[in-house]
Amino acid sequence: MHYGVDYYPEHWPEERWPEDARLMTEAGFNIVRLGEFAWSLLEPQEGTFVFDWLDRAIDILAEQDIQVILGTPTAAPPPWLTTRYPEVLPVGPEEERIGPGGRRHYCPSSPVYRRLSRRITQEMAVHYAQAPTVIGWQIDNELSLSNPGRCYCPACQRAFQDWLRERYGSLEALNEAWGTVFWSQVYTNWPQIPTPLPAGADHNPGLLLDYYRFQSDAYMSYAQEQLDILREVCPDHFVTHNVALPLMDVINNFNLASKLDFLAQDTYPGFWQILSHTEFGEAFGGRPITPEMVAMVCAWGYDAIRGNKQGEPFWVMEQQAGPAGQRIFSPAPRPNQLRLWAYQALARGARAITHFRWRTCTFGAEEYWHGVLDHDGVPRRRYEELKTTAGEMNALGDDLAMTPIQADVALLFSYDSAWALAIQPCHPRLSYAFQNIGYYTPFYYANIPVDIVAPDADLSGYKMVLAPALHVVTPDVADRLSNFVREGGTLVVGFRSGVKDKYNRVVTNPLPGLLAELLGMEVTEYDALYDQPQAVRFLMPELEDVKADCELWADVLQPTTAEVLARYTMDYYAGRPAITLNCWGQGQAIYMGTGLSEEGLGRMLLALAGQRGVTPLLGAPEGVEVARRGTADTEWWFVLNHTSGQRSVDLPGAFVDALSGRAVGASIQLDGYDVRVLRPAQ
Ligand code: GLA
Ligand code: ZN
């Protein structure tokens, strides 16, 4: 198994490189990622390429049997480039030109930037195609994590117009799709179509959703140009890309994954640990983030990145290695916590892990983002811990790395819905991603595996499908969901589903639109909840004791064929249906008309899961995560203690510790932040 670090030899004197390589090997690291921000050294002036320093670094690593992934360095345009070609600089949504000085300051549509990116990629590819220890490539770096994310420059405007022409064929079709008759926006030639820069009022939602799709495609076609070169020049190397925050993205990662050999992810639990103290603090509705929630969100990220490529194992290209921080620090990872986090990735489908970064830099914007080694380069606690981890990963590795994960539950993630709701959230605190996480949460805490999949995924293998806020529904997706239920599946659809068509227009039939017949009900009224209290009373006997407050939203439902599972208790629609269940074919389709509080939603979803025969892997104390990889005859079980205290876990059968090979008892004890990998005893 590949296990290693992200390394920046260019940040250190060459005399140190052999010592770095020696320490890496001694720790058991066998792979490094190099070069993804080194453009200004690799091409110090336009058309002059210098690879000798990188060759020497690769040679020194090779002497210690360390293999290499190379990043194409296009995430950081050098100063000569942005000075000579200022038109490559992106324009933000407020029409602000983003200047140089940071990174990722380029427009994905810029013809000049694309030409120069192709050229450095080509030169690197040719130079390293035969390098014996280079095994693969990372295209660029975190394509979607820039400031501003989406670009609104004139080059993007021209590319957007071309993209629209290709998609709609005629202006008549486009005008019809967007409803440009509203506010006198009927376009009579393509160059009239704007990018959604600040306007006299809100832009047309159809234009906005297409702009988001176009920007995703712009990054895709930019990446595709590098990919084509690498495929041609380096056919024996893999090509991947490291995704920053899966699914909360300007890029549709399902599309991206389909082009690459596998997807990679960057994981920083420290980012989540301090979230409530930063400008992103509202993400969980301003709630303080507990360690269990950090673990849960990281698990969601892994399940998402795995789902982006139909369940195939992924690489963690950057795994936290120390206190995270640019201007402020995350807490120091506790003893064994880095190991725990690495195991969490492995448990949820990682095939390889590289830690970010090897040694903490003494300069630059990330001098406080800590690596395995501290600023002074001295190996200490974190080095020793990852050395232990590397030994274990190498022992477990090869059999485990490509082993799949099996889940009975699929959670849909729709980029169209995410983007449409970002454009018109309906309620200021309604976030598609956090609706998704909300449905994921009870399954995570109950140790029930979940796959996160695209709405057009093959659902036939699942028992239960969750579709929170499936805002945009196409006839194809409606058919798939209907077939899934007909064949015996349980489908749970959340409020604000089926509202929009693919052009981001509100549907003309009663909500939830194309899903209304399947769900056996109609939404007759809706109410955005702000300060007014609302709650539901369950009619399901097993939920009678549940206190279920409502938040964000309340749809008032009129069943056609469905039965009522819960009714509102307050305000003018007290007594009216809030949650319904419709029998359809062999299965059941449930509509959740309101945003239940965490406890209510969890109890409800787990009750439905239980009825469908979806059960936890095993019951474990709070803060202990249990995950499983493999199929019946090749199973690995992971028990991960995310708490600082001792926890004991009862096992459902006879198990062997995968590392020691020794049988374990019916109950195991885990110290704080400890991990156990178990295999069923034969
Ligand atoms: C991201 C980037 C890295 C580095 C880390 C830490 O994931 O890919 O280059 O910036 O964050 O901030
Ligand atoms: Zn642009």
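Peer 1: Would you mind going over the overall build of the protein with me for this structure?
Peer 2: In terms of helices and strands, the protein carries 18 helices and 27 strands. Relative to the globule expectation of 26 Å for 682 residues, the C-alpha radius of gyration of the protein, 26 Å, shows essentially globular dimensions. Viewed in the frame of its principal axes, the protein has a C-alpha envelope of about 75 × 75 × 40 Å. When burial is assessed residue by residue, the protein has 61% of its 682 residues classed as buried. Residue pairs in contact within the protein that sit at least 24 positions apart in sequence constitute 73% of those at least 6 positions apart. Here the protein displays about 25700 Å² of accessible surface, and carbon together with sulfur accounts for 50% of that area.

Peer 1: Any chance you could explain the packing of aromatic side chains here in plain terms?
Peer 2: Any aromatic ring pair is given by two values, namely how distant the centres are and how the planes are angled relative to each other. Enumeration according to the criterion identifies 41 aromatic pairs in this entry. Measuring from ring centre to ring centre gives 4.3 Å for Tyr 106 and Tyr 113, while their planes differ by 15 degrees; the resulting arrangement is stacked. Of the two residues examined, Tyr 106 and Tyr 113, each falls in the buried class. When the centroid spacing of 5.0 Å and the interplanar angle of 80 degrees are considered together, the rings of Phe 413 and Tyr 432 count as edge-to-face. On the criterion of sequence distance, the pair formed by Phe 413 in the loop between strand 10 (409-412) and helix 14 (415-423) and Tyr 432 in helix 15 (residues 432-445) is long-range, its members being 19 residues apart. The two residues Phe 413 and Tyr 432 agree in class, both being buried. Each member of the aromatic cluster is reached from another via a ring pair, and the members are Tyr 152, Phe 160, Trp 163, Tyr 168, Trp 178, Tyr 187, Tyr 211, Phe 214 and Tyr 503.

Peer 1: Looking at this structure, I do not really get the site of ligand 1. What am I missing?
Peer 2: Contacts to ligand 1 come from Phe 37, Arg 103, Asn 141, Glu 142, Asn 242, Asp 266, Tyr 268, Glu 318, Gln 326, Phe 356, Glu 366 and Trp 369. One nitrogen or oxygen atom from the side chain of Asn 141 is found 2.9 Å from an oxygen atom belonging to ligand 1. At 2.4 Å from an oxygen atom of ligand 1 is found a side-chain nitrogen or oxygen belonging to Glu 366. The protein chains hide 96% of the 300 Å² of surface that ligand 1 would expose on its own. For the shell around ligand 1, the residue count by class is four nonpolar, three polar and five charged.

Peer 1: Teacher, can you tell me more about helix 11 (residues 291-308) here?
Peer 2: Residues lying three or four places apart along an α-helix face the same way, a consequence of the helix completing one turn every 3.6 residues. With 18 residues, helix 11 ought to run about 26 Å at 1.5 Å a step, and its terminal C-alpha atoms sit 26 Å apart, in line with that. Among the 18 residues of helix 11, 17 are classified as buried, and the element is accordingly described as predominantly covered. Where helix 11 terminates, the next one or two residues include Gln 310, which has phi positive at roughly 50 degrees.

Peer 1: Is there a simple way to explain a nonpolar patch on the surface in this structure?
Peer 2: A surface patch of nonpolar side chains, amounting to about 480 Å² of accessible area, comprises Val 181, Phe 182, Trp 183 and Val 186. Within the element layout of this structure, Val 181 appears in the loop between helix 7 (171-178) and helix 8 (205-233).

Peer 1: Which parts of the structure should I look at to understand the nonpolar core?
Peer 2: For soluble globular proteins, the rule of thumb is that nonpolar side chains tend to be buried together. Counting residues in hydrophobic clusters, the biggest one holds 218 residues, and the most contacted among them are Phe 538 and Met 604. Per-element tally for this core: the top contributor is helix 8, with 15 residues. Residue contacts for Met 604: discarding those within four places in its chain leaves Phe 538, Met 540, Leu 543, Leu 565, Ile 579, Ile 590, Met 592 and Leu 596.

Peer 1: Please clarify how the side chain of Gln 226 should be interpreted in this entry.
Peer 2: Relative to the helices and strands, Gln 226 is located in helix 8. Given the relative accessible area of 1%, Gln 226 is considered buried. At 2.6 Å, the side chain of Gln 226 forms a polar contact with the side chain of Thr 72. Here Gln 226 is in contact with Thr 72, Thr 74, Ser 117, Thr 121, Ile 139 and Asp 140, once residues within four sequence places are set aside.

Peer 1: Is there a simple way to explain the packing of helix 15 against helix 18 (residues 598-611) in this structure?
Peer 2: How two helices pack is summed up by the angle between their axes together with the distance between the axes. Here helix 15 crosses helix 18 at 65 degrees, and the two axes come no closer than 9 Å. Two packed elements cross with a definite hand, and for helix 15 against helix 18 that hand is right-handed. On the side of helix 15, the interface is formed by Gly 438, Tyr 439, Thr 441, Pro 442, Phe 443 and Tyr 445, while helix 18 contributes Glu 598, Leu 601, Gly 602, Leu 605, Leu 606 and Ala 609. Within the contact of helix 15 with helix 18, the residues separate by chemical class into eight nonpolar, three polar and one charged.

Peer 1: Help me understand the coordination of the zinc ion (ligand 2), please; the structure alone is not making it clear to me.
Peer 2: Tetrahedral coordination by four donors places them ideally at 109.5 degrees to one another around the metal; octahedral coordination by six donors ideally gives 90 or 180 degrees. Ligation of the zinc ion (ligand 2) by protein atoms is provided by Cys 107 (SG), Cys 151 (SG), Cys 153 (SG) and Cys 156 (SG), these donors lying 2.2 to 2.3 Å from the ion. Relative to the metal, the four donor atoms surrounding the zinc ion (ligand 2) lie at angles of 98 to 123 degrees, and the coordination shape comes out tetrahedral. Of note, the zinc ion (ligand 2) draws all its donor residues from one chain, in the sequence arrangement C-x43-C-x1-C-x2-C. Placement of the pair is Cys 107 in the loop between helix 4 (79-84) and helix 5 (111-128) and Cys 151 in the loop between strand 4 (134-138) and helix 6 (154-168), with a sequence separation of 44 residues.

Peer 1: Would you explain the pattern of salt bridges in this entry?
Peer 2: Pairing between side chains of opposite charge can happen when the charged atoms of each approach one another. For the structure on display, the rule yields 35 salt bridges. With a shortest N-O distance of 2.6 Å, Glu 26 and Arg 22 are connected by a salt bridge. Pair noted here: Glu 26 and Arg 22 are both in helix 1 (residues 17-27), with a separation of four residues, about one helical turn. According to the relative accessible area criterion, Glu 26 is partly exposed, its value standing at 42%. Using a relative accessible area of 34% as the deciding quantity, one classes Arg 22 as partly exposed. Two residues, Asp 416 and Arg 213, come together in a salt bridge whose shortest N-O distance is 3.0 Å. Of this pair, Asp 416 sits in helix 14 while Arg 213 sits in helix 8; the two residues are 203 residues apart in sequence, bridging distant segments of the chain. With a relative accessible area of 22%, Asp 416 lands in the partly exposed category. For Arg 213, a relative accessible area of 8% puts it in the buried group.

Peer 1: I would appreciate a short explanation of the environment of Phe 51 in the present structure.
Peer 2: Tracing the sequence through the fold places Phe 51 in the loop between helix 2 (39-42) and helix 3 (52-63). In sequence terms Phe 51 and Tyr 85 are 34 residues apart; their C-alpha atoms lie 24 Å from each other. Discounting residues that sit within four places of it in the chain, Phe 51 has contacts with Leu 42, Glu 123, Met 124, His 127 and Tyr 128.

Cut-offs applied
- Residues numbered from 1 in each chain as written.
- Chains lettered and ligands numbered in written order.
- Predicted model: local features only at pLDDT ≥ 70, side-chain atom pairs only at ≥ 80, totals over all residues.
- Heavy atoms only, no water.
- Helix = DSSP H or I, 4+ residues; strand = E, 2+ residues; numbered from the N terminus.
- Rg over C-alpha atoms; globule rule 2.2 N^0.38 Å.
- Buried < 20%, exposed > 50% of the residue type's maximum accessible area, 1.4 Å probe, protein only.
- Contact = heavy atoms within 4.5 Å.
- Areas by Shrake-Rupley, 256 points an atom, 1.4 Å probe, with all protein chains shown as cover.
- Phe/Tyr/Trp six-rings, centres within 6.5 Å; stacked < 30°, edge-to-face > 60°.
- Near = heavy atom within 4 Å.
- Polar contact = N/O pair within 3.5 Å; in protein donor to acceptor, adjacent residues only side chain to side chain.
- Nonpolar A, V, L, I, M, F, W, Y, C, P; charged D, E, K, R; others polar.
- Expected span 1.5 Å × (residues − 1).
- Patch = residues over 30% accessible without salt bridge, like charges linked within 9 Å, V, L, I, M, F, W, Y side chains within 5 Å.
- Salt bridge = Lys/Arg side-chain N within 4 Å of Asp/Glu carboxyl O.
- Core = buried A, V, L, I, M, F, W, Y, C linked by side-chain atoms within 4.5 Å.
- Axes fitted to C-alpha atoms, helices over the stretch in contact; angles between N-to-C directions.
- Left-handed = near helix turned anticlockwise from the far one by under 90°.
- Donors = N, O, S within 2.8 Å, 3.2 Å for Na, K, Ca; no water.
- Tetrahedral: all angles 85-135°; square planar, octahedral: opposite > 155°, others 65-115°.

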